[in-house]
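A structural walkthrough
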Amino acid sequence: MATALAATNHVAMNDFKGKVDPDWCPGCGDFGVLSAVQKALVDLQIPNHNVVTISGIGCSSNFPGFINTYGMHTLHGRALAVATGVKLANHDLTVLVTGGDGDGFGIGGNHFVHSMRRNVDLLYIVMDNQIYGLTTGQTSPTSRVGMKTKSMPFGNIESPVNPISLALAAGATFVARGFSAEQKHLTELIKQGIRHKGFSFLDVFSPCVTYNHDNTYQWFRPRVKKLEDDRAYDPADWMAAMGKSLLWDEEIPIGKFFERTDVPTLHGAEPVLNAGPLAHADLRIPVDVTRTFVEELM
Amino acid sequence: MKQTFAVGIGGAAGQGVATPGDIFAKIFSRRGLHLNAYNAYQSIIRGGHTFLTIRTGPEKVTNMGDRVDLLIPLNQDAMDRHLGLLTDGAACIYNSETIKPGVEVEGVQLCPLPVAKLADITRNKVAQNTLAVGAALSMMGIGFQALEEVLGEQFKKKGDAVVSENVDIARAGYDYATANFKPFAWPLPMTGNRYAVLSGNVAMAMGGAAAGVKFYCAYPMSPSTGVLHWMAAHARKAGIMVRQVEDEIGVVNMAIGAAHAGVRSMCATSGGGFALMTEGLGLSAMMETPVVVIDCQRAGPSTGVPTKTEQGDLWQMLGAAFGDYPRALAAPLDIGDCFKIIPEVFNIVDRFQCPGIVLCDLLLSEGRLSVDPKDLDFGPVVDRGELITAASSEPNGDGVYKRYKITESGISPRAIPGVEGYTHTAASDEHDEDGVLISDEFTNPTKRRAMMEKRMRKVAGIEAVVPPPVLWGPRDADVTLIGWGSTMGVIEEACEILIEQGISANQLQIRWLVPLHGEAILDILKEARHTIIVENNYSGQFARYLRSETSFVPDGHIRKYDGEPFMPHHIVEAVKEQMSGKTKLSVPAHEILV
């Protein structure tokens with residue numbers, strides 16, 4: 001998503017320190033995502049009052065409380081709908097949406113698909129741990145087949161959703177995947193996602209050290225391969241991105257899968273916003289206009 | 001009795017019932033006559049049976065009335081359904097080549113039109129409709145010029161040839177009727193007034209525009225879709241962002257997001273969509289972000305009867321979302337009120353930072369009424385409450401901005417995102433004054449109680465700014481009829497008829513459901529001799545609500561849940577039945593099969 005750079009005030013890491021410290025379990029992947037987001041905002045010099053961080057419900061959705069920006073901690077699965085309203089009412093704001101795989105791909109699946117096809121200008125970070133954590137360990141939409149959880153004690157028999165393929169198919173204009181343990185790489189992806197004009201989807205492997213004993217840091221480390229290391233890979237090639245999105249097990253790509261910049265953003269496509277953000281618009285409609293509304297009825 | 005004249009046009013969907021209806025509405029309102037129109041239809045795009053009633057007169061016409069003076073059946077089915085219900089002095093204009101009258105009714109003038117002889121029906125498929133409109137106007141004593149003018153506007157886009165073809169057909173009908181049919185005993189008068197004719201949905205949409213709504217979103221659902229249509233068509237002129245969303249869950253959350261960012265934000269739906277919005281209403285209350293939701297009731301439960309009216313959503317509105325929270329709930333009394341009520345509700349929700357619900361129904365949403373253009377005020381009072389939209393010289397006041405600061409009124413100043421020095425998190429979880437969650441790591445009963453009481457203190461504040469209801473009609477009446485929302489007009493007319501028949505009647509009509517002002521209602525009702533609650537639902541939802549709030553039990557009930565609105569005689573006959581002691585619960589039958 002796009003943003004205006006602050007020219008004057010120097011934005012520092014401390015500006016983004018939350019009122020309280022995160023209450024995530026020690027070792028949770030979400031810590032890495034939080035520090036990468038704070039670092040990216042400092043690197044981009046975006047003042048905290050111009051940022052709105054919006055989440056749903058779940059461990060990772062507690063995120064807005066741990067960063068000092070304007071924050072909205074909304075309902076389970078509804079963060080993208082709320083965020084769309086915020087962006088359309090004030091498109092000068094930098095909108096970040098944070099949440100988990102259950103929140104985004106399960107209960108919020110409908111909004112996920114439609115927000116992408118609308119190309120709402122925001123960055124959506126999913127802290128994907130392939131498990132429901134706050135409800136103490138049930139199968140999530142990204143849990144692998146065979147994984148044993150409290151809700152599927154004999155092993156998951158349902159195929160997981162592929163968030164990257166789904167995002168590509170739904171028309172997201174920026175699609176990337178990060179790994180919480182790869183801080184520098186993740187920070188770079190967040191910065192690119194914020195700068196991108198349109199819907200930026202960033203799926204982040206963020207291991208749950210308490211409930212997911214299958215997809216651990218140790219499991220991911222030897223498997224993740226950065227797309228940026230492959231000089232031949234072209235993120236403008238949608239078919240190539242789709243192909244890469246299908247890789248799993250032996251080699252799991254992380255990095256920017258896809259970006260296109262030729263699709264108008266939702267707020268950019270609507271002339272009503274040409275005069276500036278609605279949050280600052282005059283409430284009164286000119287009398288010569290309202291007169292025509294009544295004349296139509298006579 | 002007020003002098004009125006009603007035209008009923010019946011036919012299949014797709015046969016062109018709407019166009020003659022629009023033409024009559026324009027001609028009546030331009031003569032300075034009031035009108036009220038109600039269209040009974042089904043959830044079908046082609047076929048079925050549609051019956052449009054337009055009732056007009058020099059004084060305000062508040063409901064569809066009891067009688068049809070002129071029937072225009074466009075097919076045999078419409079003739080068969082309605083001819084037998086006509087009474088003395090009425091007339092029926094029909095295409096004598098395709099429709100047979102069946103039984104003749106005494107005192108009813110049959111007006112057969114030899115359509116193929118009067119117009120070239122191979123060229124013009126709706127010639128019978130245009131001929132009938134022409135014939136009707138002649139019988140009503142209206143000069144042809146008025147029709148010529150409206151037809152010119154109606155077909156302007158299709159070119160001069162189409163205009164003159166339709167004018168010629170209409171004139172043939174007009175002249176034929178002048179030569180062959182007896183005019184109505186009461187020629188329609190003319191006054192110097194001019195009225196706007198609009199539906200409740202258009203009125204609520206325009207009321208939103210007048211209130212300064214800058215964000216509107218919806219998912220299409222009958223009978224609320226008309227609000228979306230007006231908003232979408234006028235969005236760019238009015239500077240309103242209008243979006244169609246994937247579902248009503250998305251709708252309410254998107255509206256809340258926009259409201260949180262600082263704009264006045266509104267959405268509309270019907271009962272099913274509202275059910276999906278309930279969790280969102282709780283979010284609005286907990287984050288203290290004001291939003292206005294319109295619910296246009298239709299006959300439920302479930303998908304129910306999508307094209308029929310009911311007042312069956314009251315308890316859904318009262319119980320929407322879990323937990324206790326302040327809300328405003330208002331039911332517009334007529335289509336003019338649909339316009340006025342929106343800015344009023346916005347001022348309350350902005351001031352008290354809570355959700356507001358406008359409880360409309362199909363009868364008002366899709367009905368049409370003549371309104372004095374002066375009553376469509378696009379400059380109403382706007383009170384946005386304690387809203388911080390710009391950084392002050394002392395950004396944090398006493399040091400730290402507390403979004404949910406505990407105050408005597410329960411209202412805490414609300415900063416919108418983008419303002420320097422006021423960053424905070426608004427949460428659906430219970431939170432402290434500064435927005436920090438008290439739901440997860442360390443829950444705190446003292447803080448939780450303080451926050452509940454802070455929010456709930458707003459209930460008393462809302463009650464203080466909403467006026468209590470008042471009794472209309474003679475003070476010392478034989479019977480007091482109690483209604484809410486859209487039944488205002490029909491109950492009012494029923495009272496007039498009862499008074500003419502020697503039973504003095506008065507009316508208590510409830511507009512504000514939350515706050516209800518139970519004490520004021522009790523003060524009025526304890527003086528009443530015989531009380532009857534009139535409502536368009538099965539279980540007496542308002543009666544049960546009134547009882548739960550005040551312990552008041554009325555003497556009787558009149559309920560209707562067949563999908564059609566009350567007609568005045570339904571209420572009059574039920575009142576007489578109850579006054580004679582026959583029953584305490586009357587369920588009038590709807591005689592017209594639509």
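What counts as what
The residue count restarts for each chain, going from 1 along the sequence in the order it is written. Chain letters and ligand numbers both follow the written order, the letters beginning at A and the numbers at 1. Reporting of local features is limited, given that this is a predicted model, to residues whose pLDDT is at least 70; pairs of side-chain atoms are given and counted only at 80 or more, and all residues count toward the totals for whole chains, interfaces and linings. Only DSSP runs of H or I with at least four residues qualify as helices, and only runs of E with at least two residues qualify as strands; both kinds are numbered from the N terminus onward. C-alpha atoms define the radius of gyration in this analysis, and the globule rule sets the expected value at 2.2 Å times the number of residues to the power 0.38. The burial criterion counts other C-beta atoms lying within 10 Å of a residue's C-beta, which is placed from the backbone; the residue is buried at 20 or more, exposed at 12 or fewer, and partly exposed between these limits. Whether two residues are in contact depends on their C-beta atoms, placed from the backbone: they are in contact if these lie within 7 Å. The predictor's confidence in any single residue is recorded as pLDDT, a number from 0 to 100. Amino acids outside the nonpolar list (Ala, Val, Leu, Ile, Met, Phe, Trp, Tyr, Cys, Pro) and the charged list (Asp, Glu, Lys, Arg) are all regarded as polar, and Gly is one of them. Here a strand pair is declared whenever DSSP counts at least two bridges between the two strands. Axis definition: a line fitted to C-alpha atoms, limited for helices to the stretch in contact. Angles are taken between N-to-C directions and run from 0 to 180 degrees. Angles are sorted into four bins: roughly parallel if under 35 degrees, roughly antiparallel if over 145, roughly perpendicular if 65 to 115, and oblique for all others. Crossings are sorted by hand: turned counterclockwise from the far helix by less than a right angle, the near helix makes the crossing left-handed, and turned clockwise it makes it right-handed. Domain start and stop positions are those given by an automatic or database domain assignment. When we speak of the arc, we mean the arc of directions from the helix axis to the C-beta atoms. Definition of nonpolar core: a set of buried Ala, Val, Leu, Ile, Met, Phe, Trp, Tyr and Cys residues joined via C-beta atoms within 7 Å.

This part is about the overall build of chain B. Scanning chain B for helices and strands turns up 18 helices and 24 strands. Taking 2.2 N^0.38 as the reference for a compact globule, 594 residues should give roughly 25 Å; the C-alpha atoms of chain B span a radius of gyration of 26 Å, in line with that estimate. In terms of principal-axis extent, the alpha carbons of chain B reach across some 85 × 60 × 40 Å. Out of the 594 residues in chain B, the part that is buried amounts to 55%. Within chain B, contacts between residues separated by at least 24 positions form 74% of all contacts whose residues are at least 6 apart in sequence.

On to the overall build of chain A. On a plain count of helices and strands, chain A comes out with ten helices and eight strands. Against the compact-globule benchmark of 19 Å for 298 residues, chain A has a radius of gyration of 20 Å, which places it among compact chains. Judged by the C-alpha coordinates and their principal axes, chain A covers about 70 × 45 × 45 Å. A total of 298 residues make up chain A; the buried ones form 53% of that total. For chain A, long-range pairs separated by at least 24 residues make up 71% of all intrachain contacts whose partners lie at least 6 apart in sequence.

Most peptide bonds take the trans form, and the phi angle of most residues other than glycine is negative. A cis amide bond links Gly-300 of chain B with the next residue in sequence, Pro-301 of chain B, at an omega value of 0 degrees. Assignment of secondary structure puts Pro-301 of chain B in the loop between β11 (291–297) and α11 (314–319). With omega at 0 degrees, the peptide bond leading from Val-514 of chain B into Pro-515 of chain B counts as cis. When you line up the elements, Pro-515 of chain B lands in the loop between β21 (512–514) and α16 (518–525). Here Asn-119 of chain A, not a glycine, exhibits a phi torsion of approximately 55 degrees, which is positive. Looking at the secondary structure, you find Asn-119 of chain A in the loop between α4 (109–118) and β4 (122–128). Given 22 C-beta atoms within a 10 Å radius, Asn-119 of chain A is considered buried.

As a further point, take the confidence of the model for chain B. Per-residue pLDDT for chain B averages 95, and the proportion of residues at 70 or more is 99%. Scoring the predicted complex yields pTM 0.97 and, for the interface, ipTM 0.97.

Below, the discussion takes up the interface of chain B and chain A. On the chain A side, the residues contacting the 58 residues of chain B number 48 residues. Those elements that provide at least two residues to the side of chain B that touches chain A are β7 (196–199), α7 (200–211), β8 (213–218), α8 (225–238), α9 (248–260), α10 (271–287) and β17 (425–427) of chain B. With nine residues, the single largest contributor to the side of chain B that touches chain A is α9 of chain B. Class assignment of the residues belonging to the side of chain B that touches chain A gives a composition of 29 nonpolar, 16 polar and 13 charged. Where strand β2 (residues 70–73) of chain A and β17 of chain B come together, three bridges link them in parallel fashion.

So, on to the packing of helix α2 (residues 79–89) of chain A against α9 of chain B. Here α2 of chain A crosses α9 of chain B at 40 degrees, and the two axes come no closer than 6 Å. When the axis of α2 of chain A is compared with that of α9 of chain B, the two are oblique. The interaxial crossing formed by α2 of chain A with α9 of chain B has right-handed handedness. For the pair formed by α2 of chain A and α9 of chain B, the contact residues are Ala-81, Val-82, Ala-83, Thr-84, Gly-85, Val-86, Leu-88 and Ala-89 of chain A on the first element and Gly-250, Asn-253, Met-254, Ala-255, Ile-256, Gly-257, Ala-258 and His-260 of chain B on the second. When the residues that make up the contact of α2 of chain A with α9 of chain B are grouped by side-chain class, the tally is ten nonpolar, six polar and no charged.

Residues and elements named next belong to chain B. Tracing the backbone shows Ile-9 in strand β1 (residues 5–13). Note on Ile-9: 31 C-beta atoms within 10 Å, which makes it buried. Taking the C-alpha atoms as reference points, Ile-9 and Ala-196, 187 residues apart in sequence, are found 22 Å from one another. Excluding residues within four positions of it along the chain, Ile-9 makes contact with Val-17, Pro-20, Gly-21, Leu-52, Ile-72 and Leu-74.

This part takes up the domain arrangement of chain B. All names here are of chain B. Domain parsing of chain B yields domain 1 (5–180), domain 2 (197–375) and domain 3 (471–586). For domain 1 versus domain 3, the separation of C-alpha centres amounts to 35 Å. Listed as interface residues are seven residues of domain 1 and, on the opposing side, nine residues of domain 3. Looking at the side of domain 1 that touches domain 3, its residues break down into three nonpolar, three polar and one charged.

Residues and elements named next belong to chain B. On the basis of which strands lie adjacent, the open sheet formed by six strands has the order β18-β20-β19-β22-β23-β24 and mixed pairing. The strands lining the two open edges of the sheet, one partner per strand, are β18 (471–472) and β24 (585–586). Sheet topology note: the β18/strand β20 (residues 505–510) ladder contains two bridges and is antiparallel. The residue of β20 that forms the bridge with Leu-471 is Leu-508. Contacts from helix α15 (residues 488–500) reach β19 (479–484), β20 and β22 (531–535) within the one sheet, and its direction differs from that of β20 by about 170 degrees.

Here the focus is the pairing of strand β1 (residues 51–55) of chain A. All names here are of chain A. Extensive coverage of β1 is indicated by the burial of five of its five residues. The alternating pattern of β1 places Val-51, Thr-53 and Ser-55 and Val-52 and Ile-54 on opposite faces, both of which are buried. The sheet contact formed by β1 and β2 spans four bridges and is parallel. In the sheet register, Ser-55 faces β2, and the bridge partner there is His-73.

Strands belonging to one sheet form pairs held by backbone hydrogen bonds; the direction of such a pair is parallel or antiparallel. With mixed pairing, the nine strands of this open sheet are ordered in space as β7(A)-β8(A)-β5(A)-β6(A)-β4(A)-β3(A)-β1(A)-β2(A)-β17(B). Whereas interior strands pair on both sides, the edge strands pair on one side only; in this sheet they are β7 (224–226) of chain A together with β17 of chain B. On average, adjacent strands in this sheet sit at an angle of 20 degrees to one another, irrespective of strand direction. Relative to β4 of chain A, strand β3 (residues 94–100) of chain A runs parallel, the two sharing five bridges. Bridge pairing in β4 of chain A links Val-97 of chain A to Tyr-124 of chain A. Sitting on the sheet, helix α8 (residues 238–245) of chain A is in contact with β5 (174–179) and β8 (252–259) of chain A, with an inclination near 155 degrees to β8 of chain A.

Within α4 of chain A, burial applies to His-111, Phe-112, Ser-115, Met-116 and Arg-118 of chain A. Buried residues of α4 of chain A fall within an arc of 160 degrees about the axis and therefore sit on the same side. Elements in contact with the buried residues of α4 of chain A: α2, α3 (101–107), α5 (163–170), β6 (199–205) and α9 (266–269) of chain A together with α9 of chain B. A positive backbone phi angle near 55 degrees is found at Asn-119 of chain A, which sits one or two residues after α4 of chain A.

All names here are of chain B. Here Ala-477 shows up in the loop between β18 and β19. Taking the C-beta count within 10 Å as the criterion, Ala-477 has 21 such neighbours and is therefore assigned buried. Beyond its immediate chain neighbours, meaning those up to four positions away, Ala-477 contacts Ser-504, Ala-505, Asn-506 and Arg-529.

Buried within helix α17 (residues 541–550) of chain B are the following residues: Gln-541, Phe-542, Ala-543, Tyr-545 and Leu-546 of chain B. Lining the buried residues of α17 of chain B we find α11, β19, β22 and β23 (556–559) of chain B.

A few words now on the nonpolar core. In this structure, Val-175 of chain A together with Ile-93, Ala-136, Phe-215, Ala-255, Val-358 and Leu-513 of chain B are the most contacted members of the largest nonpolar core, which totals 251 residues. Sorting elements by how many residues they give to this core places helix α12 (residues 335–352) of chain B first, with ten residues. Of all hydrophobic cores here, the second largest spans seven residues; its members include Trp-24, Tyr-132, Cys-208 and Tyr-211 of chain A.

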